[in-house]
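For reference, the chains in residue letters:
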Amino acid sequence: MRSEAVETKKLLYIFGVIVFGGMLLNSIIDAGIYLEYYSVEKLWEYRLFIAGGAVVYYGAVFLFYRFKMTTDHGG
């Protein structure tokens, strides 16, 4: 049963890399379009939003599995 939890944890981490990495890569690739319609400040605001969302997501996954392991220690 523990191996399933480890695989789910890895899956959630990989999912986060794909989602937040893709958003960050999109902001780098399309930076010219952002700068043309908006400003440098809006581009950095968007990138900081991505970083903040990633911190919250990975923190939630980490804390969920840390809490789960402390309550599931008996079997």
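Please read all numbers here as calculations on a predicted model, not as lab measurements.

1. What to know about the nonpolar core
Taken as a class, soluble globular proteins show a tendency for nonpolar side chains to be buried jointly.
Right, so step 1: Of all hydrophobic cores here, the largest spans 6 residues; its members are Phe-20, Ile-50, Ala-54, Tyr-57, Val-61 and Tyr-65.
Right, so step 2: Ignoring any residue separated from it by four or fewer positions in sequence, one finds Tyr-57 in contact with Leu-12, Phe-15, Gly-16 and Phe-20.

2. Focus on the packing of aromatic side chains
Right, so step 1: Taken as a whole and judged by the stated rule, the model has 6 aromatic pairs.
Right, so step 2: Seen in terms of ring centroids, Tyr-13 and Tyr-58 are 5.6 Å apart; in terms of plane orientation they differ by 25°. Their pairing is stacked. Taken together, the positions of Tyr-13 in helix 1 (residues 2–29) and Tyr-58 in helix 3 (residues 40–71) put the pair 45 residues apart, joining distant regions of the chain.
Right, so step 3: Given a relative accessible area of 26%, Tyr-13 falls into the partly exposed group.
Right, so step 4: Tyr-58 sits in the partly exposed class, given a relative accessible area of 23%.
Right, so step 5: Judged by centre distance (5.7 Å) and plane angle (35°), the ring pair of Tyr-34 and Tyr-46 falls under tilted. Note that Tyr-34 is positioned in helix 2 (residues 31–37) and Tyr-46 in helix 3, a separation of 12 residues in sequence.
Right, so step 6: Taking the relative accessible area as the measure of exposure, Tyr-34 reaches 22% and is therefore partly exposed.

3. Structural notes on the confidence of the model for the chain
Segments scoring low in pLDDT should not have their predicted coordinates read at a detailed level.
Right, so step 1: With 88% of its residues at a pLDDT of 70 or more, the chain shows a mean pLDDT of 87.
Right, so step 2: At the low end of the mean pLDDT range in the chain sits helix 2, at 84; at the high end sits helix 3, at 91.

4. Brief notes about the side chain of Arg-47
Right, so step 1: Relative to the helices and strands, Arg-47 is located in helix 3.
Right, so step 2: Of the buried charged residues, Arg-47 lacks a salt bridge, with Asp-30 as the closest side chain of opposite charge at 9.9 Å.
Right, so step 3: Here Ser-27 takes part through its side chain, which lies 3.2 Å from a polar atom of the side chain of Arg-47.
Right, so step 4: Setting aside residues up to four positions removed in sequence, Arg-47 forms contacts with Leu-24, Ser-27, Ile-28 and Ala-31.

5. Quick notes on the environment of Glu-41
Right, so step 1: Note on placement: Glu-41 falls in helix 3.
Right, so step 2: Given the relative accessible area of 58%, Glu-41 is considered exposed.
Right, so step 3: Separated by 3.1 Å, the side chains of Glu-41 and Ser-39 make a polar contact.

6. A short note on a nonpolar patch on the surface
Right, so step 1: Residues Ile-33, Tyr-37 and Tyr-38 make up a contiguous nonpolar surface patch of roughly 400 Å² in combined accessible area.
Right, so step 2: Checked against the element boundaries, Tyr-38 lands in the loop between helix 2 and helix 3.
Right, so step 3: Residue classification places Tyr-38 among the exposed residues on the basis of a relative accessible area of 56%.

Reading the values: the criteria
Residues numbered from 1 in each chain as written. Predicted model: local features only at pLDDT ≥ 70, side-chain atom pairs only at ≥ 80, totals over all residues. Heavy atoms only, no water. Core = buried A, V, L, I, M, F, W, Y, C linked by side-chain atoms within 4.5 Å. Buried < 20%, exposed > 50% of the residue type's maximum accessible area, 1.4 Å probe, protein only. Contact = heavy atoms within 4.5 Å. Phe/Tyr/Trp six-rings, centres within 6.5 Å; stacked < 30°, edge-to-face > 60°. Helix = DSSP H or I, 4+ residues; strand = E, 2+ residues; numbered from the N terminus. pLDDT = per-residue confidence, 0-100. Lys, Arg positive; Asp, Glu negative; His and termini not counted. Salt bridge = Lys/Arg side-chain N within 4 Å of Asp/Glu carboxyl O. Polar contact = N/O pair within 3.5 Å; in protein donor to acceptor, adjacent residues only side chain to side chain. Patch = residues over 30% accessible without salt bridge, like charges linked within 9 Å, V, L, I, M, F, W, Y side chains within 5 Å. Areas by Shrake-Rupley, 256 points an atom, 1.4 Å probe, with all protein chains shown as cover.

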